[in-house]
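# Working through the structure, step by step
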Amino acid sequence: MKSSAHIAGAGGIGIAAAACLVRAGWDVTMIELNSAKITVGRLNEMWLDDQRIEGVRFIHFDEWVPPTDEVVLLCTKTFDNAPVLGVSEFLCARRSQTFPRRRSQPLI
């Protein structure tokens, strides 16, 4: 069975994580608030190291239903953490694996 991950935040960290996971054969869903990023992602216009990143599913944060059996990576800016962590509390209650991460922050 193919591994799956949901990544909250389609910024530099989230896109890099998505690229690595896709290249490793994972199914990846990006969760984002910015409609422009979602549109670009849905058009397969994401690039990293001059390589197109294809096969990533993009959905709006408001439409996202957190999974109960898949990895969830939190790759948002610090000021976006409160609404996302509210969902993360819901995830933890449902026993999902949530790994919040920001370049300058330790794992919590």
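Structure: see above.
Rules of the game
- Residues numbered from 1 in each chain as written.
- Predicted model: local features only at pLDDT ≥ 70, side-chain atom pairs only at ≥ 80, totals over all residues.
- Heavy atoms only, no water.
- Phe/Tyr/Trp six-rings, centres within 6.5 Å; stacked < 30°, edge-to-face > 60°.
- Buried < 20%, exposed > 50% of the residue type's maximum accessible area, 1.4 Å probe, protein only.
- Helix = DSSP H or I, 4+ residues; strand = E, 2+ residues; numbered from the N terminus.
- Pairing = 2+ DSSP bridges.
- Salt bridge = Lys/Arg side-chain N within 4 Å of Asp/Glu carboxyl O.
- Core = buried A, V, L, I, M, F, W, Y, C linked by side-chain atoms within 4.5 Å.
- Contact = heavy atoms within 4.5 Å.

Here the focus is the packing of aromatic side chains. All told, the structure shown has one aromatic pair when counted by the stated rule. Each ring, one from F61 and one from W64, has its centre 6.1 Å from the other, and the planes form 40 degrees; the classification is tilted. There is no split in this pair, since F61 and W64 are both buried.

Turning our eyes to something else, we now look at the environment of C75. Mapped onto the secondary structure, C75 falls in the loop between strand 6 (71-74) and helix 3 (81-93). Considered as a pair, C75 and I31 are 44 residues apart in the sequence and their alpha carbons are 9.8 Å apart.

Taken across its five residues, strand 5 (residues 56-60) has four buried, putting it largely inside the fold. Both strand 2 (residues 27-32) and strand 5 contribute to a ladder of five bridges, which runs parallel. Counted as the bridge partner of T29 is R57 from strand 5.

Right, let's get into the pattern of salt bridges. All chains considered together, the criterion is met by two salt bridges. D27 is paired through a salt bridge with K2; the nearest N and O atoms lie 3.5 Å apart. Here the residue D27 occupies a position in strand 2, and K2 occupies one in the segment before strand 1 (4-8), the gap between them amounting to 25 residues. Classification of D27 by relative accessible area gives partly exposed; the value is 37%.

Here we come to the nonpolar core. Ranked by size, the top nonpolar core spans 18 residues in total, and within it I7, I15, V28, M30, V56, F58 and L73 carry the most contacts. Elements with a minimum of two residues in this core: strand 1, helix 1 (12-23), strand 2, strand 5 and strand 6. Ranked by the residues each element gives to this core, the list is headed by helix 1, at five residues. Ignoring any residue separated from it by four or fewer positions in sequence, one finds V56 in contact with A18, V22, V28, M30 and M46. If you look at the next biggest cluster of nonpolar residues, it comprises five residues, including I31, I59, W64 and V72.

Here N44 shows up in the loop between helix 2 (35-42) and strand 3 (46-48). Looking at N44, the relative accessible area reads 26%, which means it is partly exposed. Here the alpha-carbon distance between N44 and V56, two residues twelve residues apart in the chain, equals 7.8 Å. For N44, the residues in contact, after removing those within four places along its chain, are R52, I53, E54 and G55.

In this section: unusual backbone geometry. The phi dihedral of N44 is positive, around 55 degrees, even though this residue is not glycine. The phi dihedral of D50 is positive, around 60 degrees, even though this residue is not glycine. With respect to the secondary-structure elements, D50 resides in the loop between strand 3 and strand 4 (51-53). Note on D50: relative accessible area 74%, which makes it exposed.

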